[in-house]
Amino acid sequence: MENGDVMVKLKEIEELLERLGKEHPKEIAAFSRFLRETLDNKALTTREKELIALALGIAAGCEWCIYLHTQKALEAGAKPEELIEAGLVAVLMAGGPALMHLIPLVKAIESFQKEHGGE
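Residues numbered from 1 in each chain as written. Predicted model: local features only at pLDDT ≥ 70, side-chain atom pairs only at ≥ 80, totals over all residues. Heavy atoms only, no water.

1. So, the overall build of the chain
Here's step 1: Along the backbone of the chain there are 7 helices and 0 strands.
Here's step 2: The helix and strand sequence of the chain, counted from the amino end, reads α-α-α-α-α-α-α.
Here's step 3: The C-alpha radius of gyration of the chain comes to 15 Å, within 12% of the 14 Å expected for a compact globule of 119 residues.
Here's step 4: In terms of its C-alpha atoms, the chain occupies a principal-axis envelope of roughly 40 × 35 × 30 Å.
Here's step 5: With 119 residues in all, the chain has 28% of them scored as buried.
Here's step 6: At a minimum sequence separation of 6, the contacts of the chain that also span at least 24 residues come to 63%.
Here's step 7: Accessible area for the chain stands at about 7,600 Å²; split by element, carbon and sulfur atoms hold 62% of it.
Here's step 8: Between the centroid of the 14 positive side chains of the chain and the centroid of its 20 negative side chains there is a distance of 6 Å. (Helix = DSSP H or I, 4+ residues; strand = E, 2+ residues; numbered from the N terminus. Rg over C-alpha atoms; globule rule 2.2 N^0.38 Å. Buried < 20%, exposed > 50% of the residue type's maximum accessible area, 1.4 Å probe, protein only. Contact = heavy atoms within 4.5 Å. Areas by Shrake-Rupley, 256 points an atom, 1.4 Å probe, with all protein chains shown as cover. Lys, Arg positive; Asp, Glu negative; His and termini not counted. Charge placed at Lys NZ, Arg CZ, Asp CG, Glu CD.)

2. Focus: the pattern of salt bridges
Here's step 1: Tallied over the full model, the rule gives 5 salt bridges.
Here's step 2: Residue Glu18 is joined to Lys22 by a salt bridge in which the shortest nitrogen-to-oxygen separation is 3.5 Å. Placement of both Glu18 and Lys22 in helix 1 (residues 3-23) is noted, with a separation of 4 residues, approximately one turn of the helix.
Here's step 3: The partner of Glu23 in a salt bridge is Arg19, with the nearest N and O atoms 2.8 Å apart. You can see Glu23 and its partner Arg19 sitting in helix 1, 4 residues apart, about one turn around the helix. (Salt bridge = Lys/Arg side-chain N within 4 Å of Asp/Glu carboxyl O.)

3. Describing the environment of Ser32
Here's step 1: Relative to the helices and strands, Ser32 is located in helix 2 (residues 25-39).
Here's step 2: The exposure class assigned to Ser32 is partly exposed, which follows from its relative accessible area of 24%.
Here's step 3: Through-space distance from the C-alpha of Ser32 to that of Leu17 is 9.8 Å; in sequence the pair is 15 residues apart.

4. Focus: the side chain of Glu50
Here's step 1: For Glu50, the location among the structural elements is in helix 3 (residues 46-60).
Here's step 2: Comment: no salt bridge for buried Glu50; closest opposite-charge side chain is Lys72, at 6.7 Å.
Here's step 3: At a separation of 2.5 Å, a polar atom in the side chain of Glu50 contacts the side chain of His69. (Polar contact = N/O pair within 3.5 Å; in protein donor to acceptor, adjacent residues only side chain to side chain.)

Read these as geometric descriptors, not functional statements.
Written out as structure tokens, the structure is:
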């Protein structure tokens, strides 16, 4: 998967939320408020919460979640090895199918590193 493919998935999330925001504004506004409140730094940092969200996305098999939370975790200062470790915790808890979802995680890490000139 090339960087463009990852960006397509992220664009699909944006387009879905925009559409649902128009068609179901009350529900999406409520979800957005919940999201903001949950992700606000309290006992856990944004980085820690994004690593948790990434692991849950892997365990649930949500490719879009994997790309989004890989991006957000990196932006919050997570290192690639932390992302892989979070992925391995997901595999520990969810088994072999979660292991296969480390494929989009690795692709997302590589894609975002290329985009930002990292290794």
